[in-house]
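A closer look at the structure
Each chain, written out:
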Protein chains: 2
Amino acid sequence: MPVTSPSIFRTTYAEIAAKAGVSRATVSRVLNGDDRVNTERAQAVMDAASKLGYRTNRAARALSTGRTGQIAVVIDDSPSVLSDPFWGVVLAGISRVLMANDIHPVLMVSPLESEDSPIANYLEGGDVDGAIFLTVHKEDVVHQLAQKGLTVVVIGTPTDLKSDIVYVDTDNRAGAELATKHLLTSGCKEVATITGDISAVAGIDRLEGYHAAHLSLGLEVNEELIAHGDWSFESAKTLTLRLLARHPDIDGIFAANDAMALGVMAAVYERGRLVPDHVAVVGFDDNIMAQTHRPGLTTIRQDILGLGAAAAESMLSILQGETPAPKILPTELILRESA
Amino acid sequence: MPVTSPSIFRTTYAEIAAKAGVSRATVSRVLNGDDRVNTERAQAVMDAASKLGYRTNRAARALSTGRTGQIAVVIDDSPSVLSDPFWGVVLAGISRVLMANDIHPVLMVSPLESEDSPIANYLEGGDVDGAIFLTVHKEDVVHQLAQKGLTVVVIGTPTDLKSDIVYVDTDNRAGAELATKHLLTSGCKEVATITGDISAVAGIDRLEGYHAAHLSLGLEVNEELIAHGDWSFESAKTLTLRLLARHPDIDGIFAANDAMALGVMAAVYERGRLVPDHVAVVGFDDNIMAQTHRPGLTTIRQDILGLGAAAAESMLSILQGETPAPKILPTELILRESA
DNA sequence: TTAAATAACGAAATCGGTTTCACGCCAGCT
DNA sequence: AGCTGGCGTGAAACCGATTTCGTTATTTAA
């Protein structure tokens, strides 16, 4: 056993019990807020506990109660998802809420391909009380895990809405509508869009918002102005070049996320045109890139921190035995120079 | 007790023991690779275990061994550190290595102000085998924790090098030297620098690199060309405006990180000058902003994923009873348009 | 005034692995 | 032949908190 002793000092119920002159059972009762204990004794226990610097041994508690006080946060790192600042902020939101409730997030960065990948296996192992999924991995795997009794919350709307999986999401549709309307009502005649991945619900919803904006303003959508990207800077850049070549009169573009909006702008400049003078651009997310880019990107801000917090709250709520409804968070138009 | 039963199925040693016709002790020995067990029996145990879908109960093991198989990853979220993609990637690196060793990272996003903040308290509680600190919080707090027996690894060089705390870092000095040399040897005559926070070692080291580059080329450093920023876009922008006003002949600027490099560029444009034509700019980090910005930012790439991985490896190494040396990771110059 | 109910509390079992200890057995030694 | 030394194994103790189950002591109801 090549192991050094982690010489961290711990006091146990036994010591507190001895010092306070009660049994371990009573110590447990007091420390867990059971009010049926004689006031003086309770006080004695509290005193002893704080004097001895007691800290509960979570492993022991977990073994005894079957609750670990830990929630897995699962991130699919296909290429390198965490390099997107978005997820970092979501993590912060989750962490904040969980920690406030004395629950610890266990980070698992790894693809969750199949039902018997190491992660799935671990999640079933009962070493966490639940799992929050940050990107919709194989949705069916998540389902299977839920089926097996794992408490699950996903961030992002599931494809299969009939499933009763609890989720939280940004109001992508309304946000996209807001963005598109802004372009349409601020002088643009020909507003194109670069969509995200259309196999993802977020991608679909943001496209629907684009449609909805036209509809509510009594305008027709020209299907030729819709180009299907994949959320990436590069895809947006190429698609925009193509769009502009075919439709030189385009004067506004809604990109389904900020990274693509930057790609759009890069393309616009490459064609020798200016943002927003010739082509106005609106993005979606409001991440740092949107703020530091020149010209500043007009975009839809989602409450990312709130998204994480909401997911954590839903998780806690389920763990309390409630059945929270899905939460859809509102968005906000942030005006900068690009539109 | 407002609690639902997490109905996850578990099999225990007892069941395996029964099925294989041995004692629990033997099951434990087999499953932990003790080779002193009769081969046939061992095989029987293995079969039974896999047939029953055994998964070890980490809480039970932790209680028994005193090792939890968990490492805290502590992030100071003063403003909102996680919105910097840098840390997300570090996290991924840590996670990858740890998971491969069946150790789980527990995320703690919270300021670690004092020795008795909730986090410090938790870390002392022994519910993790060690802690990796992502931004150097109050360095003395980390020391105190180490003193109390917590196994500690920090990312970033500590101010107090005499302390024997294990750390990993990027070679900031060499990277900065590389950046500055690139500017000096590609035609720039007046190369300024916007430093990072000089109270941080990374800030100091990158400034030293700037000096070293001049020195090794036999050039004098003009102290007036050094402006002290705080890593932020804004600080760099204001400082650059001031520098350019006072020294119009500046034709190259090394910014101590990418965010500031973008600030520098913003300022340069605002003065009506062009990058790299009039002023060449080099950053440090190579984050997404560097890649998506126009013009592309020439910068120093650090191996961020490797940084996290190295930290995790050092942690594992300490846990094995070894005493790893600090690791300093090399950097690389990435050429784009800005210089 | 007595029986039944209730309150306060401790002894002991429990959660599921790990580890010490002792026992039986066989090989190798004198 | 009689010992010593290992080896393989299981019984049982143990980690620390929780919880059931009784046992007293104190009320309340009859």
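Bear in mind the structure is a predicted one, so any value in this text is a computation, not a measurement.

1. Comments concerning the packing of aromatic side chains
Throughout the structure, instances matching the rule amount to four aromatic pairs over all chains. Centre to centre, the rings of Phe86 of chain A and Trp87 of chain A are 4.8 Å apart; their planes meet at 85°, and the pair counts as edge-to-face. Each member of the pair, Phe86 of chain A together with Trp87 of chain A, is buried. Plain terms: the ring middles of Tyr13 of chain B and Tyr54 of chain B are 5.5 Å apart, the flat faces sit at 45° to each other, and that makes the pair tilted. Of this pair, Tyr13 of chain B sits in helix H1 (residues 13-20) while Tyr54 of chain B sits in the loop between helix H3 (39-52) and helix H4 (58-65); the two residues are 41 residues apart in sequence, bridging distant segments of the chain. A residue is classified by how much of its surface remains accessible, and Tyr13 of chain B, at 23% relative accessible area, is partly exposed.

2. Concerning the protein's contact with DNA strand C
Surrounding DNA strand C, one finds 26 residues, the nearest of these being Thr26 and Arg41 of chain A together with Tyr13, Tyr54 and Ser64 of chain B. Within the side chain of Arg29 of chain A, a nitrogen or oxygen atom sits 2.7 Å from a base nitrogen of DNA strand C. Of all the secondary-structure elements, those providing two or more residues to the surface near DNA strand C are helix H2 (24-31) and helix H4 (58-65) of chain A together with helix H2 (24-31) and H4 of chain B. By residue class, the composition of the surface near DNA strand C is eight nonpolar, eleven polar and seven charged.

3. Digging into the interface of chain B and chain A
Counting residues at the interface gives 59 residues for chain B and 59 residues for chain A. Taken together, both faces of the contact between chain B and chain A bury some 5,100 Å²; the carbon and sulfur share is 60%. Counting the contacts that link chain B with chain A gives four salt bridges. Here Asp127 of chain B ties to Arg10 of chain A by a salt bridge, and the two come within 3.6 Å at their closest N and O atoms. At the boundary of chain B with chain A, the tally comes to nine residue pairs in polar contact (both at pLDDT 80 or more). Listing elements by their share of the side of chain B that touches chain A, those giving two or more residues are H4, helix H5 (85-100), strand S2 (104-109), helix H6 (118-124), helix H11 (258-270), helix H12 (288-292) and helix H13 (304-319) of chain B. In terms of residue count, H5 of chain B provides more of the side of chain B that touches chain A than any other element does, eight residues in total.

4. Structural notes on the relation of the copies chain B and chain A
Laying chain B over chain A is done by rotating through 180° and shifting 0.1 Å along the axis; what remains is an RMSD of 0.1 Å. The two molecules are tied by a two-fold rotation axis, judged by turn and shift. Of the interface residues in chain B, 100% have counterparts in chain A that sit at the interface too, so the contact is made through matching surfaces.

5. Section: the sheet that holds strand S10 (residues 298-302) of chain B
All names here are of chain B. One open sheet holds the six strands; their spatial order is S7-S6-S8-S9-S10-S12, and the pairing between them is mixed. Unpaired on one side and paired on the other, strand S7 (226-228) and strand S12 (331-334) mark the two borders of the sheet. For this sheet, the mean inter-axis angle between neighbouring strands, taken without regard to orientation, is 15°. Here strand S6 (residues 191-195) runs beside strand S8 (residues 252-255); their pairing, made up of four bridges, is parallel. Bridged to Ala192 within S8 is Ile253. Running at roughly 165° to strand S9 (residues 280-285), helix H8 (residues 172-185) makes contact with S6, S8, S9, S10 and S12 of the sheet.

6. Here's the deal with the pairing of S9 of chain B
Residues and elements named next belong to chain B. Taking burial as the measure, the six residues of S9 include six buried ones, the bulk of the element. By the bridge criterion, three bridges tie S8 to S9 in an arrangement that is parallel. Each residue of the ladder has a partner; that of Gly252, found in S9, is Ala280. As for the winding sense of the linkage, the β-α-β connection from S8 through H11 to S9 is right-handed. In this sheet, S10 lies alongside S9 in parallel orientation, the contact comprising four bridges. When the bridges of S10 are listed, Gly283 appears paired with Thr299.

7. Some details on the protein's contact with DNA strand D
Neighbouring DNA strand D are 24 residues; Tyr13, Tyr54 and Arg61 of chain A together with Thr26 and Arg41 of chain B lie closest to it. Here a sugar or linking oxygen of DNA strand D and a side-chain polar atom of Ser64 of chain A are 2.6 Å apart. Elements that contribute at least two residues to the surface near DNA strand D include exactly H2 and H4 of chain A together with H2 and H4 of chain B. A per-element tally of the surface near DNA strand D places H4 of chain A first, with five residues. Of the residues contributing to the surface near DNA strand D, the split by class is nine nonpolar, ten polar and five charged.

8. With respect to the pattern of salt bridges
Residue and element names in this part refer to chain A. All told, the structure shown has 26 salt bridges over all chains when counted by the stated rule. Between Glu124 and Lys148 there is a salt bridge, with the nearest N and O atoms lying 3.3 Å from each other. Here Glu124, found in helix H6 (residues 118-124), pairs with Lys148, found in the loop between helix H7 (139-147) and strand S4 (152-155); they are 24 residues apart in sequence, far enough to count as distant. According to the relative accessible area criterion, Glu124 is buried, its value standing at 10%.

9. Section: the confidence of the model for chain A
Residues at a pLDDT of 70 or more form 94% of chain A, whose mean pLDDT is 90. When pLDDT is averaged over each element of chain A, strand S8 (residues 252-255) of chain A comes out on top at 98 and helix H12 (residues 288-292) of chain A at the bottom at 79.

10. Re helix H13 (residues 304-319) of chain A
Under the 1.5 Å per step criterion, the end-to-end length of H13 of chain A is 23 Å for 16 residues, consistent within 8% with the ideal 22 Å. At the exit of H13 of chain A stands Gly321 of chain A, carrying a positive phi of roughly 95°.

11. Details of the domain arrangement of chain A
Split by domain assignment, chain A resolves into domain 1 (13-56), domain 2 (70-169 + 305-328) and domain 3 (172-302). Computed from C-alpha atoms alone, the centre-to-centre distance between domain 1 of chain A and domain 2 of chain A is 36 Å.

Here is what the cut-offs are and how they apply
Here, residues in each chain are numbered from 1, in the same order as that chain's written sequence. Chain labels run from A onward and ligand labels from 1 onward, assigned in the order the entries are written. Reporting of local features is limited, given that this is a predicted model, to residues whose pLDDT is at least 70; pairs of side-chain atoms are given and counted only at 80 or more, and all residues count toward the totals for whole chains, interfaces and linings. Side-chain figures throughout are based on the complete set of non-hydrogen atoms in the structure, without hydrogens or water. Working definition: a ring pair exists when centres of Phe, Tyr or Trp rings (six-membered ring for Trp) sit within 6.5 Å. Plane angles under 30 degrees give stacked, over 60 give edge-to-face, the rest tilted. Three labels apply to residues, based on accessible area from a 1.4 Å probe with only protein chains included: buried if under 20% of the type maximum, exposed if over 50%, partly exposed otherwise in between. Helix numbering and strand numbering both begin at the N terminus, where a helix is a DSSP run of H or I of at least 4 residues and a strand a DSSP run of E of at least 2. Here a residue counts as near a molecule or strand whenever at least one of its heavy atoms sits within 4 Å of it. We define a polar contact as two N or O atoms separated by no more than 3.5 Å, with the added condition that, inside protein, one atom must be a possible hydrogen donor and the other a possible acceptor, whereas residues neighbouring each other in sequence contribute only through side-chain atom pairs. Residue type decides the class: Asp, Glu, Lys and Arg count as charged, Ala, Val, Leu, Ile, Met, Phe, Trp, Tyr, Cys and Pro as nonpolar, and the leftover types, Gly among them, as polar. A contact between two residues is defined here by any heavy atoms of the two lying within 4.5 Å. Two parts lose some accessible area (1.4 Å probe) when they are put together, and adding that loss for both gives the buried area. What makes a salt bridge here is a side-chain nitrogen of Lys or Arg within 4 Å of a carboxyl oxygen of Asp or Glu, nothing more. To superpose the copies, least squares is applied to the C-alpha atoms of every residue with a pLDDT of at least 70 in both. Only strands that DSSP links by at least two bridges are regarded as paired with each other. Here the axes come from fitting lines to C-alpha atoms, over the contacting stretch only for helices, and the angles between their N-to-C directions go from 0 to 180 degrees. A right-handed crossover is one whose linking path, passing over the helix from the first strand to the second, runs clockwise when the strands point away from the viewer. Values of pLDDT, ranging from 0 to 100, describe the predictor's confidence in every residue of the model. To estimate the expected span of a helix, count its residues, drop one, and scale the result by 1.5 Å. The source of the domain bounds is an automatic or database domain assignment.

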